[in-house]
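Given next are the chains, with one letter for each unit.
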Amino acid sequence: GLWEHICTKSNFTKEKVELYFKLIIEHVDPVYMLFSSLKQTISENRNFLSTIKDNSKLESIIKNLTPKFIDLTFDNSSKVVFDFIYKGNFYQINEIMLTRIIQTYGHFNQADFETKNYFAIVNSICQQLIEYVENNIEEYIVNVYLRLDTNNEEPEETYISLLTNESITIESKKNLIKKVNTKITTMQIGTDQEIDSVLLKESKVEPKWEILIDYYDNNENKFDQGLCSFL
């Protein structure tokens, strides 16, 4: 309860709180940190890697507490520990951390990241990050993709891969369709009928007879709201 007391019940200055934090990190066994609020504090501490110089201790704390860093910098700190965090996925999937990871380990294009984010992720050459995003694709869509204001020019190939991803909820796919300006050039993409209908309703397909005929055939030769809206 020491850390909780320092944070919530003491009248210590910010400097003194930071001093106690450093002392705890430096001297307390990580096993005894598990039952405190230190995990949250560490996750929110962007300068955590420069708290102490003992890399093995920092790695031990991270391994035991498994924090998810929100905004971490390794300026003037050990890249060895940052590598440990990257390879262990000890960070939140958010805009800040994805940017920092790609800038450090891969190919980062600011314009692509802002306007076709999933394309930028897939082409970042950061394989560990790509796998992390793919394994948590719904979290990525909700917390990153849909929150980027200018992120509406996804290329058709990567856009379709999102629309056909079974790990993404129907609701998130509908939000993707409403957000992205890209128009689908074929209905033979393997999505379910509900998603195809939303694509038509939102006019997010190219106006081609082949598309309408394919949809009509797949819909048991019925005119539904999506098809009527598009027409």
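Cut-offs used in this document
- Residues numbered from 1 in each chain as written.
- Predicted model: local features only at pLDDT ≥ 70, side-chain atom pairs only at ≥ 80, totals over all residues.
- Heavy atoms only, no water.
- Core = buried A, V, L, I, M, F, W, Y, C linked by side-chain atoms within 4.5 Å.
- Buried < 20%, exposed > 50% of the residue type's maximum accessible area, 1.4 Å probe, protein only.
- Contact = heavy atoms within 4.5 Å.
- Salt bridge = Lys/Arg side-chain N within 4 Å of Asp/Glu carboxyl O.
- Helix = DSSP H or I, 4+ residues; strand = E, 2+ residues; numbered from the N terminus.
- Phe/Tyr/Trp six-rings, centres within 6.5 Å; stacked < 30°, edge-to-face > 60°.
- Axes fitted to C-alpha atoms, helices over the stretch in contact; angles between N-to-C directions.
- Parallel < 35°, antiparallel > 145°, perpendicular 65-115°, else oblique.
- Nonpolar A, V, L, I, M, F, W, Y, C, P; charged D, E, K, R; others polar.

**Student:** Quick question: what am I supposed to make of the nonpolar core here?
**Tutor:** Side chains of a nonpolar character, in soluble globular proteins, are inclined to be buried together. Judged by nonpolar contacts, the single largest core of 62 residues is most densely connected at Phe 48, Tyr 91, Leu 98, Leu 129 and Tyr 140. Filtering out sequence-adjacent residues up to four positions away, Tyr 91 remains in contact with Pro 67, Lys 68, Phe 69, Ile 85, Tyr 86, Met 97, Leu 98, Ile 101, Leu 129 and Tyr 132.

**Student:** I tried to follow the pattern of salt bridges on my own but got confused; where do I start?
**Tutor:** Pairing between side chains becomes possible if they bear opposite charge and their charged atoms approach one another. The tally for this structure, following the rule as stated, stands at six salt bridges. Note that Arg 100 is salt-bridged to Asp 71, the shortest N-O span being 2.6 Å. Taken together, the residues Arg 100 in helix H6 (residues 95-105) and Asp 71 in the loop between helix H4 (55-65) and helix H5 (79-88) connect sequence positions 29 residues apart. With a shortest N-O distance of 2.8 Å, Glu 194 and Lys 174 are connected by a salt bridge. You can see Glu 194 sitting in helix H13 (residues 193-201) and its partner Lys 174 sitting in helix H12 (residues 170-179), a full 20 residues away along the chain. Classification of Glu 194 by relative accessible area gives partly exposed; the value is 39%. When its relative accessible area of 22% is taken as the criterion, Lys 174 is described as partly exposed. Where salt bridges share partners, they join Arg 46, Asp 71 and Arg 100 into one cluster.

**Student:** It is not clear to me how the packing of aromatic side chains should be interpreted in this structure. Could you clarify?
**Tutor:** The geometry of two aromatic rings is summed up by the distance between their centres and the angle between their planes. In total, this model carries 13 aromatic pairs according to the counting rule given. Aromatic pair Phe 12 and Tyr 20: ring centres 5.4 Å apart, planes at 10°, arrangement stacked. Arranged with centres 6.1 Å apart and planes meeting at 45°, the rings of Tyr 118 and Tyr 140 form a pair that is tilted. In this pair, Tyr 118 sits in helix H8 (residues 117-122) while Tyr 140 sits in helix H10 (residues 137-143), placing the two residues 22 residues apart along the sequence. The exposure class of Tyr 118 is buried, given its relative accessible area of 5%.

**Student:** Help me out: how do you make sense of the environment of Tyr 145 in this one?
**Tutor:** Position of Tyr 145 among the secondary structure elements: in the loop between H10 and helix H11 (156-163). Residue classification places Tyr 145 among the buried residues on the basis of a relative accessible area of 0%. Sequence-distant contacts of Tyr 145, that is, excluding residues within four places in its chain, are made with Asn 117, Tyr 118, Tyr 140, Asn 151, Glu 154, Leu 162, Leu 176, Lys 179 and Val 180.

**Student:** What is the right way to look at the environment of Gln 103 in this model?
**Tutor:** As for its placement among the helices and strands, Gln 103 is situated in helix H6. By relative accessible area, Gln 103 is classed as partly exposed at 48%. Separated by 66 residues in the primary sequence, Gln 103 and Thr 169 have C-alpha atoms spaced 30 Å apart.

**Student:** Would you take a moment to explain the packing of H11 against H12 for this structure?
**Tutor:** When two helices pack together, their arrangement is given by the angle between their axes and by how far apart the axes lie. Look at H11 against H12: their axes get within 10 Å of each other, and the N-to-C directions meet at 155°. Classified by the angle between their axes, H11 and H12 sit roughly antiparallel to one another. Of the residues in H12, those in contact with Tyr 159, Leu 162 and Leu 163 of H11 are Lys 173, Leu 176 and Ile 177. For the contact of H11 with H12, a count of residues per class yields five nonpolar, no polar and one charged.

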